[in-house]
Amino acid sequence: MQVERVDFVTIPTRDIERSRAFYHETLGLPLDANNPREVTAGQVTLAFWEPESDGVEFLPMVGGIALRVPDVAAARAELDAKGVEFLGTEDSGVCHMAFGKDPDGNTFVLHRRYKHNA
């Protein structure tokens, strides 16, 4: 099998409209040109799913998705000003990260790698 790329990631939610608004309006991700009910992050589509409407228990995504930004501190400051909840920041020695939560408690990571293999 050959995987070409990741096409979409499903974001669990209790309110699809609220989630789409957060990812589109608050985080600034564009609506998907092929399906305006979804947003895109680079080449990956974020699709929103209400598990409880399918009889599945809602559990927030704890591992989260990493969104590459040019400057983690600046991006976090912009989102702090919008009232977005953050759990903290980290410098791993390879990258800067800030861990945030969407309205459903799903984790997202603002991320920027600064160290590359020589």
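Fair warning: this is a prediction, and the values are worked out from it, not measured in the lab.

Visitor: I'm lost on the pairing of strand E4 (residues 65-68) in this one. Help?
Guide: The side chains of a regular strand alternate between the sheet's two faces. Burial along E4 is one-sided: Ile65 and Leu67 are buried, and none of Ala66 and Arg68, which face the opposite way, are. Pairing of E4 with strand E7 (residues 107-113), which is carried by four bridges, proceeds in the parallel orientation. Bridging from a neighbouring strand, Ala66 pairs with Val109 of E7.

Visitor: Even after reading the chapter, I still don't get the pairing of E7, so can you show me in this structure?
Guide: By the criterion of burial, E7 is predominantly enclosed, with five of the seven residues buried. Between strand E6 (residues 95-101) and E7, which pair antiparallel in sequence order, lie five residues; one of them, Gly105, sits at a positive phi of approximately 90 degrees.

Visitor: Quick question: what am I supposed to make of helix H1 (residues 16-26) here?
Guide: One turn of the α-helix equals 3.6 residues, which is why residues spaced by three or four share an orientation. Those residues of H1 that fall on the buried side of the exposure criterion are Ser19, Arg20, Phe22, Tyr23 and Thr26. Backbone nitrogen of Glu17 and a side-chain oxygen of the N-cap are separated by 3.2 Å at the start of H1; the cap is Asp15. Just downstream of H1, Gly28 is the residue with a positive phi angle, here 85 degrees.

Visitor: Teacher, can you tell me more about the sheet that holds strand E1 (residues 8-12) here?
Guide: An order of E1-E3-E2 is seen for the three strands of this open sheet, with the pairing classed as mixed. Two strands in the sheet have a free side with no partner beyond their single neighbour: E1 and strand E2 (39-41). Put simply, the sheet's adjacent strands are angled 35 degrees from each other on average, direction ignored. Those strands touched by H1 are E1, E2 and strand E3 (44-49), and its axis lies near 150 degrees from that of E3.

Visitor: I tried to follow the sheet that holds strand E5 (residues 85-91) on my own but got confused; where do I start?
Guide: Within a beta sheet, neighbouring strands are joined by backbone hydrogen bonds and run either parallel or antiparallel to one another. Strand order in the open sheet formed by four strands is E4-E7-E6-E5, with mixed pairing between adjacent strands. Either end of the sheet is taken by a strand with one partner, and the two such strands are E4 and E5. Pairs of neighbouring strands in the sheet enclose a mean axial angle of 25 degrees, with direction left out of account. Sheet topology note: the E6/E7 ladder contains seven bridges and is antiparallel. Each bridged residue has a counterpart across the sheet, and for Cys95 the counterpart in E7 is Arg113.

Basis of the calculations
Residues numbered from 1 in each chain as written. Predicted model: local features only at pLDDT ≥ 70, side-chain atom pairs only at ≥ 80, totals over all residues. Heavy atoms only, no water. Buried < 20%, exposed > 50% of the residue type's maximum accessible area, 1.4 Å probe, protein only. Helix = DSSP H or I, 4+ residues; strand = E, 2+ residues; numbered from the N terminus. Pairing = 2+ DSSP bridges. Polar contact = N/O pair within 3.5 Å; in protein donor to acceptor, adjacent residues only side chain to side chain. Axes fitted to C-alpha atoms, helices over the stretch in contact; angles between N-to-C directions. Contact = heavy atoms within 4.5 Å.

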